[in-house]
Structures are given as C-alpha cells and as structure tokens.
Amino acid sequence: MLKHCFLLLSLALLTACATSPLGRSQLQLFSDTDLSQMGLAAYDDIRKKEPRDNDPAANAYVRCVANAITAVLPSGGQAWEVTLFRDDSANAFALPGGKIGVNSGLLKVAGNPSQLATVIGHEVAHVLARHSGERLSNQAAVDTGLQAAQAISGGMTPAKQQLMGLLGVGAQVGVLLPFSRTQESEADLLGLDLMARAGFDPRQSVNLWQNMERASGGGPPAFLSTHPSPGGRIAALQNRIPQALELYQQAQASSRKPACRVP
C-alpha cells in the first residue's frame, strides 16, 4: 500500500512539471483556477482589513501605471483590479486572479512613472511566472498538512497565514515568506521586459532600486530581503537593459506612451 501511494505521488509530481517564462523547470500542482480563487480570497481579506488611500490623483496615477503594464500581458487583456493602501512602507504585491495592491509609501520612493512601473512590473511578473503556485506546490509536496482550499477561508488561522505568505502577501498578515532568490531574479528580468513593452523607460529600474537602498538607510529593505545584493541586482538589470530598450523603442514607435501624471 505504501509503495502504491509512493508511485502515485511520483506520477503526480512528474505530470506537474512546468516551465517558467525564462525556461526554468517548476513544480505546479495547482491549476490556474485554483490559484485565482486563492488570490481573490486573499485580496478580499486584505481589503477588509487594510485602510485605503482615497486620494483621487494618487489612485488615478497608480491605476494608469498598472493598467499600462497589464495591457501588454499575454493573458488576453484580463481586467486587473488595483487598490492603493494607506501604508508608509514602500511595497506592492500582485495576486493570481488579477489583483494588485500598492502601498502609498511606495510613491515616495518611486519618483516617476517608470520607477513605479519597475515595482508593479516586478510584482505582476511573479504572477506571470506562477511563482506563488510553485511555492504552494513545493510546500504541498513536503507538507500534507497544507490544505490550500480550506485554509484560505475562515478566520486568520496559522494555516491561512502560511498560505497568504506563500501567495506573496505575508507582510500584510505578519508572516513574511519572501520569494526565493531565483524567483526574485526572474521577476526582475520579466518585469523589466513588461515595463519596456508598456512604454516605460527600463533604464529607470536602476534608479528605482538605488532609491530603495537609500530609503532603507543603506541596508536591504524588506522588499529586497531575499535578493542578491543591490549591486548584483543592478548588474543583472543592466545586462538586460539593451534587450529591454529594444522593446521600449518598439513600444514608443507603436505610440505606446503612457501619460501617467505624478500626483
């Protein structure tokens, strides 16, 4: 019986192999529908608990940048919902199911639309690459106690905190489970391409991460907690910028020039 169960598990793991947009092998045990349902439930939970920033100009600005990014996704124009939260931390998140959250504190660090697009593109890239599904799958493969469908509903239990952390919104529930360095590096590069395709200057990504480092007083801010050193991050981005600049120039030539006004 035990051997039979092991064979079934092995078969499930083999059939759940997937590939990230950059060609890396992933374990994906959850369907897009499963991930979307969990993302929607997590987003609703956060919106009920976290105060929102109701400044019209700031909301219009954030939506303008986010909409330009999501318009170039290969998902066929899915409508994404964007919420600006009143929170001084320079952070943002994106969830499966088409949900984006931006903290008002990020607007003090991201000095222009292209810098804000760097962060939003990075977060949306986590969703595009199905990083939360990969994390949930890796955890489920070693922890039979993770019952994702049940854990996302009801009160804030330890299981629900774990699940929300794996989805990428752990900072909102007090359980920080950062993405791995590999996933962060992928999100950097994919996000750079996304912002460039949307018509934002990819060279501003370097300025954004420099701003992040200064805002944290020289140490790595929570947003960068699992990533290689800022110098390593910037070097990787600079290596990618020539390719991203071609995408940016193509976007400009196609009149994709987001007119997002800084509040």
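Residues numbered from 1 in each chain as written. Predicted model: local features only at pLDDT ≥ 70, side-chain atom pairs only at ≥ 80, totals over all residues. Heavy atoms only, no water.

Peer 1: How would you sum up the overall build of the protein? Please name residues and give values.
Peer 2: Counting secondary structure elements, the protein contains ten helices and five strands. Among the 263 residues that make up the protein, the fraction classed as buried is 48%. Taking the intrachain contacts of the protein between residues at least 6 apart in sequence as the baseline, contacts between residues at least 24 apart amount to 71%. Accessible area of the protein: about 12200 Å², with a carbon and sulfur share of 53%. (Helix = DSSP H or I, 4+ residues; strand = E, 2+ residues; numbered from the N terminus. Buried < 20%, exposed > 50% of the residue type's maximum accessible area, 1.4 Å probe, protein only. Contact = heavy atoms within 4.5 Å. Areas by Shrake-Rupley, 256 points an atom, 1.4 Å probe, with all protein chains shown as cover.)

Peer 1: Could you give an account of the state of the cysteines, with specific residues and numbers?
Peer 2: Under the defined criterion, the tally for this structure stands at one disulfide. The disulfide partner of cysteine 64 is cysteine 260, and the S-S distance across this bridge is 2.1 Å. One quick way to see it: the torsion about the S-S bond of cysteine 64 and cysteine 260 is about -80°, and its sign makes the bridge left-handed. With cysteine 64 in helix 3 (residues 56–70) and cysteine 260 in the segment after helix 10 (230–253), this pair connects stretches of sequence that are 196 residues apart. (Disulfide = S-S within 2.5 Å.)

Peer 1: Tell me about the packing of aromatic side chains, residues and numbers included.
Peer 2: Following the criterion strictly, the structure yields two aromatic pairs and no others. Centroid distance tyrosine 43 to phenylalanine 93: 6.3 Å. Interplanar angle 70°. Geometry classified as edge-to-face. On the criterion of sequence distance, the pair formed by tyrosine 43 in helix 2 (residues 32–49) and phenylalanine 93 in strand 4 (residues 92–95) is long-range, its members being 50 residues apart. For tyrosine 43, a relative accessible area of 0% puts it in the buried group. Exposure remark for phenylalanine 93: the relative accessible area of 2% places this residue in the buried category. What links up through ring pairs into an aromatic cluster is the set Tyr43, Phe85 and Phe93. (Phe/Tyr/Trp six-rings, centres within 6.5 Å; stacked < 30°, edge-to-face > 60°.)

Peer 1: Mind laying out helix 2, listing which residues take part and the relevant values?
Peer 2: Under the 1.5 Å per step criterion, the end-to-end length of helix 2 is 26 Å for 18 residues, consistent within 8% with the ideal 26 Å. Taken together, the buried positions of helix 2 are occupied by Leu35, Met38, Gly39, Ala42, Tyr43, Asp45 and Ile46. For helix 2, the angular spread of the buried residues around the axis is 160°, confining them to a single face. Residues of helix 2 that are exposed and point over 90 degrees away from its buried face: Thr33, Gln37 and Lys48. (Expected span 1.5 Å × (residues − 1). Arc of directions from axis to C-beta.)

Peer 1: Lay out the sheet that holds strand 3 (residues 81–85) with the relevant residues and their values.
Peer 2: Read across the open sheet, the three strands follow the order 3-5-4; overall the sheet is mixed. Of all strands in the sheet, those bounded by a partner on one side alone are strand 3 and strand 4. Geometrically, the sheet is characterised by an average inter-axis angle of 15° between neighbouring strands, direction not taken into account. Of the pairings in the sheet, the one linking strand 3 to strand 5 (residues 99–103) comprises five bridges and is parallel in character. (Pairing = 2+ DSSP bridges. Axes fitted to C-alpha atoms, helices over the stretch in contact; angles between N-to-C directions.)

Peer 1: Quick rundown of the pairing of strand 4? Include the residues and the values.
Peer 2: In strand 4, alternate side chains face the same way, and those of Ala92 and Ala94 on one face and Phe93 and Leu95 on the other are all buried. Here four bridges tie strand 4 to strand 5, and the two strands are oriented antiparallel to one another. Looking at strand 5, one finds that alanine 92 is bridged to valine 102. Taking the residues between adjacent antiparallel strands as the criterion, strand 4 and strand 5 are bridged by three residues, where glycine 97 takes a positive phi near 100°.

Peer 1: Please set out the nonpolar core residue by residue, giving values where relevant.
Peer 2: Counting residues in each nonpolar core, the largest one holds 47 residues, and the members touching the most others are Ile100, Ile120, Val124 and Phe200. Sorting the residues of this core by element identifies helix 3, strand 3, strand 4, strand 5, helix 4 (113–128), helix 8 (181–197), helix 9 (204–215) and helix 10 as the ones contributing at least two each. With residues up to four places along the chain from it excluded, the contact list for isoleucine 100 reads Tyr43, Ala66, Thr70, Trp80, Glu81, Val82, Thr83, Phe93, Ala94, Ile120 and Val124. In this structure, Tyr43, Ile46, Phe85 and Phe93 belong to the second largest nonpolar core, which totals six residues. (Core = buried A, V, L, I, M, F, W, Y, C linked by side-chain atoms within 4.5 Å.)

Peer 1: Please provide a residue-by-residue account of the pattern of salt bridges, values included.
Peer 2: Tallied over the entire structure, the rule returns seven salt bridges. The partner of lysine 49 in a salt bridge is aspartate 45, and the shortest N-O contact between them spans 3.1 Å. Note that lysine 49 and aspartate 45 are positioned in helix 2 at a spacing of four residues, about one turn of the helix. The exposure class assigned to aspartate 45 is buried, which follows from its relative accessible area of 12%. Between glutamate 81 and lysine 99 there is a salt bridge, with the nearest N and O atoms lying 2.5 Å from each other. Here lysine 99 lies in strand 5 and glutamate 81 lies in strand 3, a separation of 18 residues in the sequence. A single network of salt bridges, built from pairs that share partners, joins Arg47, Glu81 and Lys99. (Salt bridge = Lys/Arg side-chain N within 4 Å of Asp/Glu carboxyl O.)

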